[in-house]
Amino acid sequence: MAAQKNLLDSVNVSEKIGEMPKRKVNLDNILVEEIGQFGRYQIRTLMLTLVVVVFGAWGATEYIITTARIKTRCLIPECEGTVATEYSPPWILNAVPGSGSSFDNCLRFDSANSTSRSDECPAEWFNRQKKIACAQYVYENTHTVVYDIYILCQYGLACDEWRRAFIGTARTFGTFLALPIVGFTSDRWGRRFALSLNAVNTAWVGTLRYWADTYWGFVVSEVVESAIGAGAFSCAHILMMELVGPKYRVAAGATMNTFFSIGQIIMSLIAWAVPNWRALTLALYVPQFTTICYFWIMSDSVRWYLSKGRYKDAEDFLKNVARINGRQLSDESLQALKENAEAEKIRIEDEKKMKSKEPWLIVLVFRNRAILRRCCMSPVWWFTSALVYYGMSVNAVNMSGNRYLNYMAVASVDIPGYWVAVLLMSRIGRRPVLIAAYWICAACQLGYIFLPTSEF
């Protein structure tokens with residue numbers, strides 16, 4: 001009787017287990033429980049993506065160096081003929097407005113009378129009450145596009161600040177175009193293809209800029225490069241975040257951002273060694289052709305495989321990750337992941353049908369006060385951050401002192417910020433970190449007002 005009772009109990013337990021719903025398995029479950037959140041495979045992939053991040057930093061910010069302002073002065077034909085041999089001759093303050101050892105970059109004193117060329121160039125030769133714009137310029141150096149475009153095309157950018165600054169604006173516009181382009185490409189052909197395509201596009205368009213002999217040719221090359229190449233960073237970021245377990249995701253993201261800053265530092269060192277913008281362009285972009293091999297040495301996104309119904313590719317990929325990490329991946333988990341992906345696709349289709357009967361998204365946003373408030377505030381945050389970040393980065397090369405050291409200093413200070421955010425957000429939350437960061441930034445910016453003029 002006891003044996004029969006135990007047998008009946010076992011059957012009842014088995015029936016109850018059979019009636020229990022299957023455990024929902026997603027990619028995060030498999031990363032945490034089976035193949036590992038951050039093993040050898042993830043480390044290898046991180047190393048590969050960090051190379052793309054460094055190259056991306058070069059492409060995104062090289063214009064700051066190659067279009068940097070060059071100190072200029074007016075050519076004084078009364079004193080030096082049509083070709084100047086010295087940027088700052090001893091008599092320069094007789095002919096150009098200035099104070100101390102500095103002088104105006106764009107104005108000169110009008111000639112008092114017709115004079116012949118002389119090495120002395122006394123102040124009596126000039127009407128110091130009347131200032132006029134330069135007819136021709138003398139450059140302190142020939143390192144950036146400001147000089148080259150003037151010489152080759154008579155496009156005087158020496159004191160034409162808006163045209164010089166417009167190059168950065170044009171590049172930013174190209175980055176805006178990159179977002180929908182890379183989104184379509186990665187959804188249609190996969191993240192790996194989009195990453196390789198954007199990286200190679202950056203390489204060949206950037207290299208072609210070496211031969212840009214007109215102002216608009218240079219501008220167009222910047223727009224095209226950013227439009228079809230700036231998406232490499234986002235592709236690399238997505239690939240890495242999908243492959244790393246939840247525990248290490250924030251740290252992996254901070255590491256990628258850190259190497260973006262390191263890429264800026266490396267670029268500044270290269271520019272210091274190779275100051276001419278054409279030679280610098282080749283030094284930065286030719287090495288990026290190596291990224292063409294990423295199409296073969298990197299795997300695509302697991303989530304993309306699942307969304308496209310390519311379950312065999314997803315299975316092979318996850319098994320390979322488990323093998324390299326020295327872990328085991330069960331067939332039951334793979335089957336559950338497949339079933340979950342199919343259920344997710346059905347759910348999304350059902351949501352689409354339901355949403356087709358709902359009002360437009362903009363109407364729903366206005367109906368939800370919390371979402372509307374965030375949609376109104378977020379652009380202000382981004383706009384403010386962009387003004388401060390790019391304002392400091394772009395103008396770092398125009399401050400007094402060594403422009404390359406200045407730029408390295410501005411890039412370096414980003415690194416502690418990334419990791420302070422990682423440490424604090426998990427402890428005190430995002431809102432206090434965000435508010436404190438903006439207030440500290442505002443205090444530092446306002447503090448410039450009270451610095452003595454001798455410090456500038």
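Residues numbered from 1 in each chain as written. Predicted model: local features only at pLDDT ≥ 70, side-chain atom pairs only at ≥ 80, totals over all residues. Heavy atoms only, no water.

Peer 1: When you look at the environment of M425 in this model, what are you seeing that I'm missing?
Peer 2: Among the structural elements, M425 can be located in helix 20 (residues 414–428). Along the backbone, M425 and V250 are 175 residues apart, and their C-alpha atoms lie at a distance of 10.0 Å. (Helix = DSSP H or I, 4+ residues; strand = E, 2+ residues; numbered from the N terminus.)

Peer 1: How should the state of the cysteines be read in this particular structure?
Peer 2: In protein chemistry, a disulfide is the covalent bond that joins the sulfur atoms of two cysteines. Applying the stated rule across the entire model yields 3 disulfides. The disulfide partner of C74 is C134, and the S-S distance across this bridge is 1.6 Å. Across the S-S bond of C74 and C134 the torsion is about -75°, and the bridge reads as left-handed. Of this pair, C74 sits in strand 1 (residues 72–74) while C134 is found in the loop between strand 5 (126–133) and strand 6 (137–139), placing the two residues 60 residues apart along the sequence. As far as the burial class goes, C74 and C134 line up, both buried. Sequence-ordered numbering of the disulfide-bonded cysteines in the protein chain gives the connectivity 1-5, 2-4, 3-6. (Disulfide = S-S within 2.5 Å. Buried < 20%, exposed > 50% of the residue type's maximum accessible area, 1.4 Å probe, protein only.)

Peer 1: Please clarify how the packing of aromatic side chains should be interpreted in this entry.
Peer 2: Remark: the centre distance and the inter-plane angle together describe each pair of aromatic rings, the angle taken between the planes. One pass over the structure, following the stated rule, counts 17 aromatic pairs. Ring geometry for F184 versus W189: centroids 5.9 Å apart, planes at 90°, classification edge-to-face. On the numbers, 5.8 Å between centres and 55° between planes, the contact of W189 with F193 is tilted. By relative accessible area, which is 29% here, F193 ends up partly exposed. These aromatic residues form a ring-pair network of at least three members: F184, W189, F193, F295 and W296. The lysine or arginine in question, R192, covers the ring of F295, its NZ or CZ lying 4.8 Å from the ring centre. Of note, R209 hangs over the ring of F218, and the distance from its end group to the ring centre comes to 5.8 Å. (Phe/Tyr/Trp six-rings, centres within 6.5 Å; stacked < 30°, edge-to-face > 60°. Lys NZ or Arg CZ within 6 Å of the ring centre and 35° of its normal.)

Peer 1: What is the right way to read the UniProt feature "transmembrane region" (unreviewed entry) in the protein chain from this model?
Peer 2: Under the local residue numbering, the UniProt record ascribes the feature "transmembrane region" (unreviewed entry) to residues 46–65, 251–273, 279–297, 371–392, 404–425 and 432–451. Across residues 279–297 one finds 58% helix and 0% strand; the C-alpha atoms that close the span lie 30 Å apart. (UniProt positions renumbered as here; feature names shortened; annotations may be inferred.)

Peer 1: How should a positive patch on the surface be read in this particular structure?
Peer 2: A contiguous patch of positive charge, built from R369, R373, R374 and R431, is present on the exposed surface. In this structure, R431 sits in helix 21 (residues 430–447). (Patch = residues over 30% accessible without salt bridge, like charges linked within 9 Å, V, L, I, M, F, W, Y side chains within 5 Å. Areas by Shrake-Rupley, 256 points an atom, 1.4 Å probe, with all protein chains shown as cover. Salt bridge = Lys/Arg side-chain N within 4 Å of Asp/Glu carboxyl O. Lys, Arg positive; Asp, Glu negative; His and termini not counted. Charge placed at Lys NZ, Arg CZ, Asp CG, Glu CD.)

Peer 1: How should the nonpolar core be read in this particular structure?
Peer 2: Among soluble globular proteins, nonpolar side chains are generally buried collectively. The biggest cluster of nonpolar side chains holds 31 residues, and the ones touching the most others in it are I76, C79, W91 and F126. Within the residue set of this core, elements represented by two or more residues are helix 5 (92–95), strand 6, helix 6 (145–153), helix 7 (161–189) and helix 9 (215–229). Top element by residues in this core is helix 9. It accounts for 4 residues. Those residues within four positions of I76 in sequence are excluded, and the remaining contacts are G81, W91, A95, V96, R108 and F126. In this structure, Y41, Y305, L306 and A341 belong to the second largest nonpolar core, which totals 23 residues. (Core = buried A, V, L, I, M, F, W, Y, C linked by side-chain atoms within 4.5 Å. Contact = heavy atoms within 4.5 Å.)

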